[in-house]
Amino acid sequence: MSPEQEHGHGDDGAATRFLTLTAGAPATGGTFVARHEGRVVFVRGTAPGETVTAQLLEDPREQASARFWRAEAVDVLEAGLDRVPTVWPEAGTDGVGGAEWAHIALPAQRRIATEVLQDLLRRAYVTSYPLDDVQVEPAPHDVYGLGWRTRVRFAVDEDGRVGMRGWRSHEVRDVGENPLAAEAIRRLDLGSWTAPPGTEAVDAVAPSTGPASVVLIGRGLDPEAVEVPASWGDADVSVRTARGLVPLRGDGLVRERVGERLFAVSATGFWQVHRRAAELLSEVVAGVLRAPRGGSAWDLFGGVGLFAAVAAEQVGEDGQVITVEGNRRASVLAAENLQDLPQVSAATADVTDWVKAPRGGVDCVVLDPPRAGAGLELMGLLTRAVRRRIVYVSCEPSTLARDLAAAEKAGWSVVDLRAFDLFPHTHHIESVAVLEPVAR
């Protein structure tokens, strides 16, 4: 590469997008920080300490005033110590998104994720818990970080080709062997199938019990035009259009077993993605919630009732548990899943609005919000309404850090904080934080 190319222009005077960069500290989003002539460049596909040729995603002439650039490594000039042969070649340069650390050794991935999490907590000024004690832990029995993803959304292009979108791209790319997906999803071999006209996406689910599920999604999709290929075996099949979910085979639900309890979940509804996540997080929440016998608990953003079942066991039949979920279908399923527990009731509502209503307080709360987090308003409401403990399950460390800092300002303290690698070969982290009020 010539010096002219490094500085942004080729021999014909046109701007080039290639730079030689050395990766430094990890950044949020799975990239690493590099610098070019004083400008920060966030680089995907590299690892700490290595030097790469990287391609800018935007024309540098059009981004001359930008505070930072984004780039993707296209060639490794000097490999770092953490680099290993990728577990998913199709997720490499100009490949599919969703496995940005597939070329980094698993122990190093967890070390890097720990650095990111600790840095976010420091930047948010979370001070009540020793941050050096926060370490990203592997999921139980997850040796290689493969075959864990039980829910995959595939994209479909205008020709009906099924794949996944590229990193920061709308183009649909081939997925190859898709090694992060559960075996039942890989057996569907969706990449060799042509979706019918009107299909915009395909959801594939491999539940812990029962057959796999396939949902074709498209506003203009005609359910009567869908032919189920023999290669899908006994998989349940549904079509979701603007009118709702239409089961073609099965009832549009999947069943997930956690311990002795079976949860019915909509085939397109939320459930923890890692095959061991629901079991692991239930055990962790059960160990830290400490809802008193005969007391009260709220399960916020409760989905189909996973953590409400944990709380119900702790408060007993003389206690009260309310699970609150904004999605009506999930809330109805929660009531059905927990109908044998008379101490549990399910409410369909916006969580913040529901907590805002006068309710007389509660002993303990477990909440599992989406990536946007609970938010400052809800955290303020909870710090005033909860008497004993808040257990916060988070899939996004940046919003978790913000919300924990807000709780500290309201007089609460972080007494426990664990993080888990439930998304191997990606930058995502699942955390469980425990808050208690400082003595008043």
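As a reminder, the structure under discussion sits directly above these lines.
Residues numbered from 1 in each chain as written. Predicted model: local features only at pLDDT ≥ 70, side-chain atom pairs only at ≥ 80, totals over all residues. Heavy atoms only, no water.

### With respect to the overall build of the chain
- When its secondary structure is counted, the chain shows 9 helices and 22 strands.
- Over its C-alpha atoms the chain spans a radius of gyration of 24 Å, differing by no more than 12% from the 22 Å that the globule rule assigns to 440 residues.
- A principal-axis box enclosing the C-alpha atoms of the chain has dimensions of 80 × 60 × 40 Å.
- The buried share of the chain, reckoned over its 440 residues, is 55%.
- Relative to all contacts within the chain whose residues are 6 or more apart in sequence, the contacts with residues 24 or more apart total 62%.
- Accessible surface computed for the chain: about 19,700 Å², of which carbon and sulfur atoms make up 48%. (Helix = DSSP H or I, 4+ residues; strand = E, 2+ residues; numbered from the N terminus. Rg over C-alpha atoms; globule rule 2.2 N^0.38 Å. Buried < 20%, exposed > 50% of the residue type's maximum accessible area, 1.4 Å probe, protein only. Contact = heavy atoms within 4.5 Å. Areas by Shrake-Rupley, 256 points an atom, 1.4 Å probe, with all protein chains shown as cover.)

### What about unusual backbone geometry?
- Although it is not a glycine, His141 sits at a positive phi angle of roughly 65 degrees.
- Positive phi, normally seen in glycine, also occurs at Arg290, with a value near 55 degrees.
- Here Arg290 lies in the loop between helix H4 (277–288) and strand E16 (296–300).
- With relative accessibility at 54%, the residue Arg290 sits in the exposed group.

### Structural notes on the pattern of salt bridges
- What the rule picks out here adds up to 23 salt bridges.
- The residue Asp82 makes a salt bridge to Arg111 at a minimum N-O spacing of 2.7 Å. Taken together, the residues span a long stretch of sequence, with Asp82 in the loop between strand E5 (68–78) and helix H2 (106–123) and Arg111 in helix H2 at a distance of 29 residues.
- Among the residues examined, Asp82 registers a relative accessible area of 12% and is labelled buried.
- A salt bridge links Arg261 to Asp340; the shortest N-O distance between them is 2.9 Å. On the criterion of sequence distance, the pair formed by Arg261 in strand E15 (residues 261–266) and Asp340 in the loop between helix H6 (328–337) and strand E18 (344–348) is long-range, its members being 79 residues apart.
- One network of salt bridges, with partners in common, ties together Asp82, Arg111 and Glu115. (Salt bridge = Lys/Arg side-chain N within 4 Å of Asp/Glu carboxyl O.)

### Examining the packing of aromatic side chains
- Taken as a whole and judged by the stated rule, the model has 6 aromatic pairs.
- Consider the rings of Phe32 and Trp101, whose centres lie 6.4 Å apart with planes at 35 degrees: the pair is tilted. On the criterion of sequence distance, the pair formed by Phe32 in strand E2 (residues 32–36) and Trp101 in the loop between E5 and H2 is long-range, its members being 69 residues apart.
- For Trp101, a relative accessible area of 1% corresponds to the buried category.
- Across the ring face of Trp354, the terminal group of Arg359 is positioned such that the distance to the ring centre comes to 3.8 Å. (Phe/Tyr/Trp six-rings, centres within 6.5 Å; stacked < 30°, edge-to-face > 60°. Lys NZ or Arg CZ within 6 Å of the ring centre and 35° of its normal.)

### A look at the pairing of strand E10 (residues 201–205)
- Judged by how many residues are buried, E10 sits mostly within the fold: 5 of 5 residues are covered.
- Burial of E10 is two-sided: the residues Ala201, Asp203 and Val205 facing one way and the residues Val202 and Ala204 facing the other way are all buried.
- As paired strands, strand E7 (residues 151–156) and E10 are joined by 5 bridges and run antiparallel to one another. Residue pairing in the sheet places Val152 in a bridge with Ala204 of E10.
- Of the pairings in the sheet, the one linking E10 to strand E11 (residues 213–217) comprises 5 bridges and is antiparallel in character. Looking across to E11, one finds that Asp203 is bridged to Val215. (Pairing = 2+ DSSP bridges.)

### What about the sheet that holds E16?
- Strand order in the open sheet formed by 8 strands is E6-E21-E22-E20-E19-E16-E17-E18, with mixed pairing between adjacent strands. Every interior strand has two partners, whereas the edge strands, strand E6 (136–138) and E18, have only one. In this sheet, adjacent strand axes meet at a mean angle of 20 degrees when their direction is disregarded.
- Pairing of strand E19 (residues 362–367) with strand E20 (residues 386–394) involves 5 bridges; the strand directions are parallel. Following the sheet pairing, Val365 is matched in E20 by Ile390. (Axes fitted to C-alpha atoms, helices over the stretch in contact; angles between N-to-C directions.)

### Let's talk about the sheet that holds strand E13 (residues 244–249)
- One open sheet holds the 7 strands; their spatial order is E9-E8-E7-E10-E11-E12-E13, and the pairing between them is mixed. Of all the strands in the sheet, just strand E9 (172–173) and E13 have a single pairing partner and so form its edges.
- Direction of pairing for strand E8 (residues 162–165) relative to E9: antiparallel, over a ladder of 2 bridges. When the bridges of E9 are listed, Arg165 appears paired with Val172.

### What to know about a nonpolar patch on the surface
- Residues Val143, Tyr144 and Leu146 make up a contiguous nonpolar surface patch of about 330 Å² in total accessible area.
- Tracing the backbone through its elements, the reader meets Leu146 in the loop between E6 and E7. (Patch = residues over 30% accessible without salt bridge, like charges linked within 9 Å, V, L, I, M, F, W, Y side chains within 5 Å.)

### Some words on the nonpolar core
- By size, the foremost hydrophobic cluster in this structure holds 76 residues, and its most contacted members are Trp88, Phe154, Leu190 and Trp232.
- Of the residues forming this core, the biggest block, 8 residues, is contributed by helix H5 (residues 306–315).
- With residues near it in sequence (within four places) discarded, Leu190 still touches Phe154, Val162, Val202, Ala204 and Trp232.
- With 50 residues, the next largest nonpolar core counts Ile112, Tyr392, Trp412 and Ile429 among its residues. (Core = buried A, V, L, I, M, F, W, Y, C linked by side-chain atoms within 4.5 Å.)

From the geometry alone we can't say anything about function, so treat these as descriptive.
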